[in-house]
Amino acid sequence: MLSFQAVGILYATAVTAASYKLSSPSFDISIDETSETQPLYSRWGLGFAYLGLLKRMHWTNPQMSTDNGVHTATYLASTMTLTVSRSLDEASQSFTEKYTFTNNGNSELSLTVKTADTFATFTPLNDHYTNTSDVLEHCAHTHVWASGETSSWVKTSRMGGRGPNLGLVVTQGALSGYSVDSRDVVTGSNTRGIFSLHPKLPALKAGESTTLTWTMFWHDDWEDFFTQCTARSQQFVKVTASSLTVFPDEAVQVNVSGAYVRPGTTINGIQLNTLIVINSVPSYITTIDTRTQFVAANQQIDPSLNTTLGGACVVYDNQINAMVTFDTTSDRNAGRDRIEMGKYYTYACTQLTNSSGYVNNGPGNTSKRLCNRPWIMQLHLTPLQRFVATMENFYGNGGQSSYAIGIPAFDGLRILNTTGDTETFQRVRSVFIAHGEQLMETGTSYPASEVNFEQSIVAPAATFLLELTASQPDYHLYDVSIRHWDVYWLGKDRMWDDTFPHYWSTLTAVAFHHYAKATGDESYEKRADGILRANMALFGTDGRASCAILYPVSVNGRARHYADGYANDQYWALVHVLQITEE
């Protein structure tokens, strides 16, 4: 039941709509507990618009009125009036917001004359990582499809994996993208920030008005969400495709469904538009070959140099066309996540690890970082003595309680079993089994890592990954897990940002692949392949690469939607391609 009693997944309502607190009987949170880092100007339903040279309207101080259960906030500017009406409908179990923009001037007014991010409505949602117990109960992953024009939507999925979940679908007007604000060193890696949606509205002649309306509702899962979108919005069109990333000579089947799906369909004279984004890339093998050649020619330090970098493969800056040896911060050094560039095995053995199995945090850096060890284990699958030593060092230093990425349990045991060394095989097997039992005992009480709650913590346990993936008709987003901190640590731009795709999203592909093998459900194998294909967008046909694609229209007012300039650690996507396709 909808009520005014407590806020649901909404991060915080606007002061002008303070009585509108959407709730569910089994799920509510207090505004006061979640809005400490939220600027007042970005409360729910507030926003801004470009009205001409040096003129920007921020709607913050309304005139309020109530009539027959409809609450109206009116904002006045020199050339525009914005009227926002809000109402709850018990019969349809929904909450509707209608934004009507009126041109009060004497000349035409175009609210999107510049770029999409000059016109926005704030829609803050509770997508934060405080601690595991809190987020499983009170927070939600936010899946945004604001590029769908008249078929745009937002779906939240509670981090605990159970409903109810909050959904939003545009029922009148259109959107053209989304941006993020309040990402900085204060909020850090443990929040998605403040979302804003960009309306796409026509130019208004003097005296004309236009309206953007959306409806919010509770739903159970993705199927229920799309069913309700279709029922609640006559202009909603769902678009699906047989594949959103295709290899050469592959065909794609596109399907559309909705209340009115016919060519040229209009409702009240308004043309309906939606969007599907399909990518075409070379085959896996071609991408691996061209990337390997580029690394060999451009990213490896001369092995003959008598320095700690001699023979290392390092970060490459695509904008200045040069190796990055001047940036020695931990996520840009020649170790850690760069270990996947297996070409420099000799370098890894001499500068990053030793025969005892200890793994450095970079060349000359002996500080302990457990999650580096499984990557070295993968390098040491031959010779197996180094693999076993690294494995025992990992577990001897607390690995059993770790949710580290890439522990090669299956591959390690498979290769060990071919050696005939039964004693070592059984010893290693018992350690891996104990780790698995520890993961099962921990359940969803995931330990905090370098980010408090994230996909690469959940991935080793292979549960709840579905909540982190989404169903937007865009190869950047479909089934690609939410990640929004990596570019600050690993990219050139040093910005917290939604990254779609980021190569660690292929961890979900690995989990789906093994799930398909274990259960025989081939749909998960297809989804795994779709995630791997999506990540091929990180690699150019000339062999260049980017560590992530920055997806939003803007972040903190800075234009995004491009590939970061650093080729850093994206090779893990190719490693996972080889691991999955070779099985």
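This text follows the structure it describes.
Residues numbered from 1 in each chain as written. Predicted model: local features only at pLDDT ≥ 70, side-chain atom pairs only at ≥ 80, totals over all residues. Heavy atoms only, no water.

*Asks:* Got a sec to walk through the overall build of the protein chain? Specific residues and values, please.
*Replies:* Helix and strand content of the protein chain: 14 helices and 27 strands. With 583 residues in all, the protein chain has 56% of them scored as buried. Carbon together with sulfur atoms contributes 51% to the accessible area of the protein chain, which is approximately 23400 Å² in total. (Helix = DSSP H or I, 4+ residues; strand = E, 2+ residues; numbered from the N terminus. Buried < 20%, exposed > 50% of the residue type's maximum accessible area, 1.4 Å probe, protein only. Areas by Shrake-Rupley, 256 points an atom, 1.4 Å probe, with all protein chains shown as cover.)

*Asks:* So what's going on with the packing of helix H7 (residues 409-417) against helix H8 (residues 422-442)? Residues and values would help.
*Replies:* Two numbers describe how H7 lies on H8: the axes approach to 9 Å, and their chain directions differ by 165°. One element, H7, and the other, H8, form an angle in the roughly antiparallel class. Crossing geometry of H7 relative to H8 is assigned as left-handed. Only Thr-424, Phe-425, Val-428, Arg-429 and Phe-432 of H8 make contact with H7, whose side of the interface consists of Ala-409, Leu-413, Leu-416 and Asn-417. Here the contact of H7 with H8 is composed, by residue class, of six nonpolar, two polar and one charged. (Axes fitted to C-alpha atoms, helices over the stretch in contact; angles between N-to-C directions. Parallel < 35°, antiparallel > 145°, perpendicular 65-115°, else oblique. Left-handed = near helix turned anticlockwise from the far one by under 90°. Contact = heavy atoms within 4.5 Å. Nonpolar A, V, L, I, M, F, W, Y, C, P; charged D, E, K, R; others polar.)

*Asks:* Tell me what's going on with the sheet that holds strand E26 (residues 562-563), and back it up with residues and numbers.
*Replies:* Sheets are built from strands paired through backbone hydrogen bonds, the pairs being either parallel or antiparallel. Strands sit in the order E22-E23-E26 across an open sheet of three strands; the sheet is antiparallel. Only two strands of the sheet have a single partner each, and these edge strands are strand E22 (499-502) and E26. One ladder, built from two bridges, connects strand E23 (residues 548-550) with E26; its direction is antiparallel. For Leu-550, the partnering residue across the bridge sits in E26 and is Tyr-562. (Pairing = 2+ DSSP bridges.)

*Asks:* Help me get a handle on the packing of aromatic side chains, residues and values and all.
*Replies:* Aromatic ring pairs are reported here in terms of the distance separating the ring centres and the angle at which the planes meet. This structure, assessed with the given rule, holds 28 aromatic pairs. With a centroid separation of 6.1 Å and 70° between ring planes, the pair formed by Tyr-395 and Phe-432 is classed as edge-to-face. Separated by 37 residues along the polypeptide, Tyr-395 in helix H6 (residues 384-396) and Phe-432 in helix H8 bring together distant segments of the chain. Judged on exposure class, the residue Tyr-395 and its partner Phe-432 are both buried. For the pair Phe-512 and Tyr-524, a centre-to-centre distance of 5.2 Å together with 80° between the ring planes defines the contact as edge-to-face. One end of the pair, Phe-512, is in helix H12 (residues 506-519); the other, Tyr-524, is in helix H13 (residues 522-535), with 12 residues separating them in the sequence. Across this residue pair, the class does not change: Phe-512 and Tyr-524 are buried. For Lys-155, the ring lying beneath its charged end belongs to Trp-222, and the centroid distance is 4.9 Å. Across from the ring centre of Tyr-358, 4.8 Å away, lies the NZ or CZ of Arg-373, which sits over that ring. (Phe/Tyr/Trp six-rings, centres within 6.5 Å; stacked < 30°, edge-to-face > 60°. Lys NZ or Arg CZ within 6 Å of the ring centre and 35° of its normal.)

*Asks:* Would you mind going over empty space enclosed by the protein in detail, with residue names and values included?
*Replies:* Summed over all chains, the structure comprises five cavities of 30 Å³ or more. One number sums up the size of the largest cavity: a volume of about 60 Å³. Around the largest cavity sit Thr-142, His-143, Val-144, Tyr-178, Arg-192, Ala-470, Gln-472, Leu-477, Val-480, Ile-482 and Phe-500, which together line it. Of the residues forming the lining of the largest cavity, the biggest block, three residues, is contributed by strand E8 (residues 140-145). When the residues that make up the lining of the largest cavity are grouped by side-chain class, the tally is seven nonpolar, three polar and one charged. (1 Å grid on protein atoms, 1.4 Å probe; cavity = no way out; pocket = protein on both sides within 12 Å on 5 of 7 lines; lining within 4 Å. Points joined across faces, edges and corners; volume = space filled by probe spheres on them.)

*Asks:* Lay out unusual backbone geometry in plain terms, naming residues and giving numbers.
*Replies:* In this model, Gly-163 is joined to Pro-164 through a cis peptide bond whose omega is 5°. Position of Pro-164 among the secondary structure elements: in the loop between strand E9 (153-158) and strand E10 (165-172). Of note, the bond from Phe-500 into Pro-501 is cis; its omega dihedral lies within 30 degrees of zero at -5°. Within the secondary structure layout, Pro-501 lies in strand E22. With phi around 70°, Asp-249 is a residue other than glycine that occupies positive phi space. The topology assignment puts Asp-249 in the loop between strand E15 (245-246) and strand E16 (254-258). The exposure class assigned to Asp-249 is exposed, which follows from its relative accessible area of 84%. Within the chain, Asn-556 stands out as a residue other than glycine whose phi angle is a positive 55°.

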